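As a plain string of letters, each chain reads:
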Amino acid sequence: MRKSIYLWTFLGFLNLLFFQDYLVFGQAVASVSQPPPQNPPKPFQSRSVKVALHELENKFKVYFNYNERVLKNKQTGVLFSEVSDLEEALKLLLEPLHLKYEKVGEKYYSIFDENQSKPVEGNGKKKLSTESMNPALPDVFSNGQESLQNSKEIAFTINGRVTSETNEGIPGVNVLLKGSTTGTTTNVNGEYTLAVPDGGGTLVFSYIGYTTEEVAINNRSTINISLTPDIKSLSEVVVVGYGTQKKSDLTGAITSISGEQLKEIPLTSLDQGLSGRAAGVQVTQQTGQPGGATSIRIRGANSINSSNEPLYVIDGFPYFNDNDAASAGAIGGAPALNAMATLNPSDIESIEIMKDASATAIYGSRGANGVILITTKRGKAGNNRIEFETYQGFQQVSKLIPVLNAREYAEFRNDAFVNAQGLNGNGKPTYTPEEVAAFGEGTNWQKEIFRRAPIRNYQLTFSGGNENLRYALSANYFDQEGIVINSDLKRYSLRANVDARINPKLTVGNNFNLSHITSDFARTGGGRSGTVGVQSPNAGNVIQDALFYNPTIPVRDANGNFTSDNDSDTRGGGSGNQANTPNGNPVAFATLATQQSYTSRILDNLFAEYSLLPSLKLRVSLGADIFINKENSYLPSSIFQGSIAPNGSASIGTLNSYSWLNENTITYEKTFNENHSMNILAGITAQKYFNERTITRGRDFPSDLTTFNNLSSAAILDPPSSNYN
């Protein structure tokens, strides 16, 4: 089932955008629908046209460009207090003086003599908004104050062209008068026109992908400039195996994803955040269960018989994301827990996905399916920081599968049995016309099992340090309720990353992560393998049963108890109408069945790095991964699946997984003449992984009260199972 997640903060952002658009739209309508002034302007004490233009600038928040000689000695006696339309005001002011105007920008107008050509050619570009330039700049309209350009006479116009290193015009470059809100953008040819108060000041040219340039005006009316590309992105460092490299030096296929990108959507596990962010990476969520397994394929599947999951490396600790080995297996038909759900996505600094052979060769056959390198956040020298992050939202099913209601089902069933000569071969319908008419809509079992489920996350982080000691400590609580009733996941996690410089040559550090997950499962089919298909009615597939269950049967009977099964002939007589296969009440199963999972994980990695020479470093690391899972299941006799056990069914399973790692590497890194570099790595790695699993089952209990807590009371004890890998 697909899920739709609607974050309250996201909805609030949409509402804000809509509100802003509405305001702009309302202003536009008001401007168009404004009627011309009904009363002629009153005479006013004679004043210069320049003063009158400044009055219009203040009233309508626009800017005028003109030649001083055109307005010299020109006076006017027009009053604008009763004029509400700018175009009308300009006509009243300029026509008697044989002057004309032309709009050259969103808020810019040129004034010129009607017998002469206009002094400024408009490029149709808009004035930059304060938000797009610098959020800290004051909005010239928010408090009624004039901008710098309003407070002074606009007597200087600058034209120019902005080009790239290949002498091609760059469109959309921001051109801003430094220290003001006066600005414009270049047109498609890279040309711009900007009216400023005087010939002093500095112009700031900025564009994404290019370095920002500042140019002094120095009374020049033409300023052309060539922007240089910002190559610092090519100098960004990415993690590659046992070290780092500049992006410009990479020869393999590597995709980088930042921690900020992962924050854009709510995530249970980090692998969900890879979806749609890296070319050639396919992410498939096998189930809608919170914390359920996710399958990742990097450039397709490489093996028919073996696993196709990539290798995960967290802060230098490689481990395989085997979802089958992440669950004890005591809950039959339950989805597998995603082993990556034990890692808090909010702790991640960056993710590098290594796709091709050259990028993954250092990991040998383990990297054949690709390698995902995960770097967690570390402390930085400087001020100590305390950060708190939170989000809350909800999830719900985006669309239900259309099924027959009770009346339609009864009619269809009657037709089927008459046509098939059903009911002991007599060809009689199952329901009478009166019963069909009385059924109405009946029970929509999908609506009964699905719900609007909240999701919430809280993160508290302490970080900081100095040149000799840096730390990053975080605590996280994540709570996600499933869209199927009585399913959820809660994660508690702690992380501590510490780096200490003992002396100029020796540095030690520790990466420690502790997490605990509690989860209530809803059996939705597929099991740990993720395979989905039609299951046996006694399997307890909640979603399948909701689709198959008879809509004429209510959720509860007249006594308030759950209806226990689909009953062969829907009437309780069992007299031969065998169209329905008995299925359990899906609401009863989801509500009364106990399907619990508890997972604890410790991931710790200690390292020491010693500089033998300025270019030669020795690094030794020792790490451990401890994964413990316990599952409890009990199907009471009050539900269909428990009654056929008979009298209840219980199972308990435990899984203990351990992995240790020792790595010893020596690295020689040298740069020659600033243009040539050498990086040589040699090392030896030892790692061991093993797990053991035990499952015990019992059936036929004298009472449902003790559930799975007293297996010895079961009349039937199934043979226990255990394995060691």
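Numbering of residues begins from 1 in every chain and follows the order in which that chain's sequence is written. Residues qualify for local features only when their pLDDT is at least 70, as the model is predicted, and side-chain atom pairs are given and counted only at 80 or more; totals for whole chains, interfaces and linings, by contrast, use all residues. Side-chain descriptors were evaluated using all non-hydrogen atoms of the structure, hydrogens and water having been removed beforehand.

**As for the overall build of the protein chain**
In plain terms, the rule: What counts as a helix is a DSSP run of H or I of at least four residues, what counts as a strand is a run of E of at least two, and both are numbered from the N terminus. The buried label applies to any residue whose accessible area, calculated with a 1.4 Å probe on protein chains only, is under 20% of its type's maximum; exposed applies above 50%, and partly exposed to all values in between. Here, residues are in contact when the closest pair of their heavy atoms is within 4.5 Å. For the accessible areas, the method is Shrake-Rupley and the probe is 1.4 Å, while residue cover comes only from the protein chains on display.
Scanning the protein chain for helices and strands turns up 14 helices and 32 strands. Evaluated residue by residue, the protein chain yields a buried proportion of 43% over its 725 residues. Partitioning the intrachain contacts of the protein chain with sequence separation of at least 6 by distance along the chain shows that 65% fall at a separation of at least 24. Surface summary for the protein chain: the accessible area is close to 36,200 Å², and the carbon and sulfur share equals 53%.

**Quick word on a nonpolar patch on the surface**
The cut-off we apply is this: Only residues whose relative accessible area exceeds 30% and that form no salt bridge enter a patch; like-charged residues are grouped when within 9 Å of one another, and nonpolar side chains (Val, Leu, Ile, Met, Phe, Trp, Tyr) when within 5 Å. The salt bridge definition used is simple: a Lys or Arg side-chain nitrogen within 4 Å of an Asp or Glu carboxyl oxygen.
On the surface, a cluster of nonpolar side chains totalling about 610 Å² of accessible area is made up of Ile386, Phe388, Leu460, Phe462, Leu469, Leu473 and Val498. If you list the elements that add at least two residues to the nonpolar patch, you get β23 (382–397), β24 (453–465) and β25 (469–481). Structurally, the position occupied by isoleucine 386 is in strand β23.

**Focus on the sheet that holds strand β6 (residues 108–113)**
Inclusion rule: For two strands to pair, DSSP has to find at least two bridges joining them. Note on geometry: axes are lines fitted to C-alpha atoms, helical ones only across the stretch in contact, with angles between N-to-C directions running from 0 to 180 degrees.
Strand order in this open sheet of 3 strands is β3-β6-β5, and the pairing throughout is mixed. One side of each edge strand has no neighbouring strand; the edge strands of this open sheet are β3 (63–66) and β5 (99–103). The mean angle between the axes of side-by-side strands here comes to 30 degrees, regardless of whether they run parallel or antiparallel. Where β3 and β6 come together, 4 bridges link them in parallel fashion. Its bridge partner being in β6, asparagine 65 is matched across the sheet by serine 110. Sheet strands touched by helix α2 (residues 49–60): β3 and β6. Its angle to β3, the strand with the most contacts, is close to 150 degrees. With respect to the sheet, helix α4 (residues 86–94) is in contact with β3, β5 and β6, its orientation differing from that of β5 by roughly 155 degrees.

**Structural notes on α4**
Using the following cut-off: Here the arc refers to the set of directions running from the helix axis out to each C-beta atom. Counted as a polar contact is a pair of N or O atoms within 3.5 Å, where, for protein atoms, one must be capable of donating a hydrogen and the other of accepting one, and residues adjacent in sequence contribute only when both atoms are in side chains.
Of the residues making up α4, those classed as buried are Leu86, Ala89, Leu90, Leu93 and Leu94. The buried residues of α4 all sit within an arc of 110 degrees when viewed along its axis, so they share a single face. Tucked inside the fold, the buried residues of α4 contact α2, β3, β4 (75–78), β5 and β6. Where α4 starts, the residue carrying a side-chain oxygen 3.3 Å from the main-chain nitrogen of glutamate 87 turns out to be aspartate 85.

**Overview of the nonpolar core**
We count it as follows: For the purposes of this section, nonpolar cores are sets of buried Ala, Val, Leu, Ile, Met, Phe, Trp, Tyr and Cys residues that join through side-chain atoms within 4.5 Å.
Counting 23 residues, the largest nonpolar core has Leu274, Ile296, Ile351, Ile353, Ile372 and Ile374 as its most contacted members. For this core, the elements supplying multiple residues, two or more each, are β17 (281–285), β18 (294–298), β19 (311–314), β20 (317–320), β21 (348–354) and β22 (371–376). The element contributing the most residues to this core is β21, with 3 residues.

**Some points on the pairing of strand β8 (residues 174–177)**
Direction of pairing for β8 relative to strand β9 (residues 183–185): antiparallel, over a ladder of 3 bridges. Within β9, the position partnered with asparagine 174 by the bridge is threonine 185. In terms of strand pairing, β8 meets strand β11 (residues 202–206) through 4 bridges, oriented antiparallel. Note on β11: the bridge partner recorded for asparagine 174 is serine 206.

**Things to note about unusual backbone geometry**
Following alanine 645, the chain continues into proline 646 via a peptide bond in cis, with omega recorded as 5 degrees. Here proline 646 lies in the loop between α14 (640–643) and β30 (649–672). Despite not being glycine, histidine 98 has its phi angle at roughly 60 degrees, a positive value. Among the structural elements, histidine 98 can be located in the loop between α4 and β5. Phi at asparagine 647 is positive, roughly 55 degrees, even though this residue is not glycine. Judged by relative accessible area, asparagine 647 falls into the partly exposed class, the value being 35%.

**Here we look at the sheet that holds β11**
With antiparallel pairing, the 4 strands of this open sheet are ordered in space as β9-β8-β11-β12. Edge strands, defined here as strands with exactly one partner in the open sheet, are β9 and β12 (213–216). Here the strands of the sheet are splayed against their neighbours by 20 degrees on average, with no regard to which way each runs.

**Here we look at the confidence of the model for the protein chain**
In plain terms, the rule: Per residue, pLDDT captures the predictor's confidence, and it can take any value from 0 to 100.
Per-residue confidence for the protein chain gives a mean pLDDT of 78, with 78% of residues at or over 70. In this model, residues 527–532 is a region of pLDDT below 50 whose contacts with residues beyond four sequence positions or in other chains number 15 contacts. Contacts from residues 568–579, a stretch scored under 50 in pLDDT, to residues over four places away or in other chains number 28 contacts.

**Digging into the packing of aromatic side chains**
Operational definition: Here a pair means two rings of Phe, Tyr or Trp (six-membered ring of Trp) with centres within 6.5 Å. Their orientation is stacked below 30 degrees between planes, edge-to-face above 60, and tilted elsewhere.
Applying the stated criterion to the full structure yields 10 aromatic pairs. When the centroid spacing of 5.8 Å and the interplanar angle of 70 degrees are considered together, the rings of tyrosine 192 and phenylalanine 205 count as edge-to-face. Of the two residues, tyrosine 192 is situated in strand β10 (residues 191–196) and phenylalanine 205 in strand β11; the sequence distance between them amounts to 13 residues. Centroid distance tryptophan 445 to tyrosine 549: 4.7 Å. Interplanar angle 80 degrees. Geometry classified as edge-to-face. Of this pair, tryptophan 445 sits in helix α11 (residues 445–449) while tyrosine 549 sits in the loop between α12 (542–548) and α13 (586–592), and the two are 104 residues apart along the sequence. With a relative accessible area of 2%, tryptophan 445 lands in the buried category.

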